[in-house]
Amino acid sequence: MSQTQETTVPTVTLNNGIQIPQLGFGVFQVPPEETQRIVEDALEAGYRHIDTAAAYRNEAGVGAAIAASGIPRDEIFITTKLRNGEQGNANEAFHNSRKALRVDYVDLYLIHWPVPSQGLFTKAWKDMERLYANSQIRAIGVSNFLTDHLDTLLAASEVTPAVNQIEIHPTFQQQELSAKGRSLGIAVEAYSPLGQGADLSAATVKSLAGRYGASPAQIVLGWHLAQGTIVIPKSADSTRMRENLGAVNLTLTPDEVAEITALESGARAGADPAVAAFSQL
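These lines cover the structure that appears in this document, whether it is placed above or below. (Residues numbered from 1 in each chain as written. Predicted model: local features only at pLDDT ≥ 70, side-chain atom pairs only at ≥ 80, totals over all residues. Heavy atoms only, no water.)

The next subject is the overall build of the protein chain. Within the protein chain one finds 10 helices and 10 strands. Taking the principal axes of its C-alpha atoms as reference, the protein chain extends roughly 50 × 40 × 30 Å. The buried share among the 281 residues of the protein chain stands at 54%. Taking as baseline every contact in the protein chain between residues at least 6 positions apart, the subset at least 24 positions apart corresponds to 75%. Looking at the protein chain as shown, the accessible area adds up to about 11,400 Å², and 48% of this sits on carbon and sulfur atoms. Of the side-chain charges in the protein chain, 21 are positive and 30 negative, and the distance between the mean point of each set is 4 Å. (Helix = DSSP H or I, 4+ residues; strand = E, 2+ residues; numbered from the N terminus. Buried < 20%, exposed > 50% of the residue type's maximum accessible area, 1.4 Å probe, protein only. Contact = heavy atoms within 4.5 Å. Areas by Shrake-Rupley, 256 points an atom, 1.4 Å probe, with all protein chains shown as cover. Lys, Arg positive; Asp, Glu negative; His and termini not counted. Charge placed at Lys NZ, Arg CZ, Asp CG, Glu CD.)

Strand pairs in the sheet, formed through backbone hydrogen bonds, run parallel or antiparallel to each other. Sheet architecture is open: eight strands sit in the order β3-β4-β5-β6-β7-β8-β9-β10, paired in parallel fashion. Bordering the open sheet on either side are β3 (25-26) and β10 (230-231), each of which pairs with just one other strand. Two elements, strand β5 (residues 77-82) and strand β6 (residues 106-111), share four bridges in a ladder whose sense is parallel. The residue bridging Thr-79 from the neighbouring strand is Leu-108, located in β6. (Pairing = 2+ DSSP bridges.)

A word on helix α6 (residues 175-183). Within α6 the residues assigned to the buried category are Leu-177, Ser-178 and Gly-181. One side of α6 holds all its buried residues, which, seen down the axis, span an arc of 100°. Turned more than 90 degrees away from the buried face of α6, the exposed residues are Glu-176 and Ser-183. Buried positions along α6 lie against α5 (147-155), β8 (163-167) and β9 (187-191). The first or second residue beyond α6 is Gly-185, which carries a positive phi of 85°. (Arc of directions from axis to C-beta.)

So, about the side chain of His-224. The topology assignment puts His-224 in helix α8 (residues 216-226). For His-224, a relative accessible area of 1% translates into the label buried. At 2.9 Å, the side chain of His-224 and the backbone oxygen of Pro-193 are in polar contact. The residues contacting His-224, other than those within four sequence positions of it, are Gln-22, Ile-168, His-169, Ala-190, Pro-193, Thr-229 and Val-231. (Polar contact = N/O pair within 3.5 Å; in protein donor to acceptor, adjacent residues only side chain to side chain.)

As a further point, take the pairing of β9. For β9, the buried fraction is high: five of the five residues fall into the buried class. Burial of the side chains of β9 extends over both faces: Ala-187, Glu-189 and Tyr-191 are buried on one face and Val-188 and Ala-190 on the other. Of the pairings in the sheet, the one linking β8 to β9 comprises five bridges and is parallel in character. In the sheet register, Ile-166 faces β9, and the bridge partner there is Ala-190. Handedness of the crossover joining β8 and β9 through α6: right-handed. (Right-handed = clockwise from strand over helix to strand, strands pointing away.)

Here we take up the packing of helix α2 (residues 59-69) against helix α3 (residues 90-101). Look at α2 against α3: their axes get within 7 Å of each other, and the N-to-C directions meet at 40°. The angle between α2 and α3 falls in the class oblique. Contacts from Glu-59, Ala-60, Val-62 and Gly-63 in α2 reach Ser-97, Ala-100 and Leu-101 in α3. Along the lines of polarity and charge, the residues of the contact of α2 with α3 split into four nonpolar, two polar and one charged. (Axes fitted to C-alpha atoms, helices over the stretch in contact; angles between N-to-C directions. Parallel < 35°, antiparallel > 145°, perpendicular 65-115°, else oblique. Nonpolar A, V, L, I, M, F, W, Y, C, P; charged D, E, K, R; others polar.)

In structure tokens, the structure reads:
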């Protein structure tokens, strides 16, 4: 299983009909000076969905890699995100990201965090709705939005978010939040999908890896994929990139999915969106 077969990445159809590759490549914490090389490696491995953010300070490297790849723009799905400190000026922030990425449009643009203490995310969403209406963004969504943030946004919006990108991994699943989103037509996208590596050492995961001749990461990614979740693992190692992509060839049984789901411990690895208020500037 570690040596990938020919991989065909499934897609998820968003609520506006746009298709997003279900398994993408994340560049969180990839150093700007290494981004072009790493993203070129990911594209060479077969990834066609790249997830970045203005806060990561590596959009330019992503754009350079895409330009150097020679792959047609319409074959690559690009996600980037609005920094917290720019929620009051989302239009300018978006265009800065677009220029850094060297593209005419972005496939998915997300509000990175709600930062409820600012009270600006509904304003940012209105700006994003206008960019979406002008076809500069193919889909708009949110990240780290909890139930009350979604309720506030939906009460003031014309467009339902296409995606909510949230922390999900076997030991922290946010099942109620995911179910709410799906009930509203909001696709669920998992960041930190491997629990920052910690979930790979679970006995259940290692046992299933042995059963399938797969890596623990492939098992956890297969668990995400089986539930229809979009997932964006990160690796700087080209062998690991290919290995992760091979998870699309793995089909867990419902009982095996349930075994992994039973690992839920409620242990969040990242910041709590209810109170997170960093500017990212």
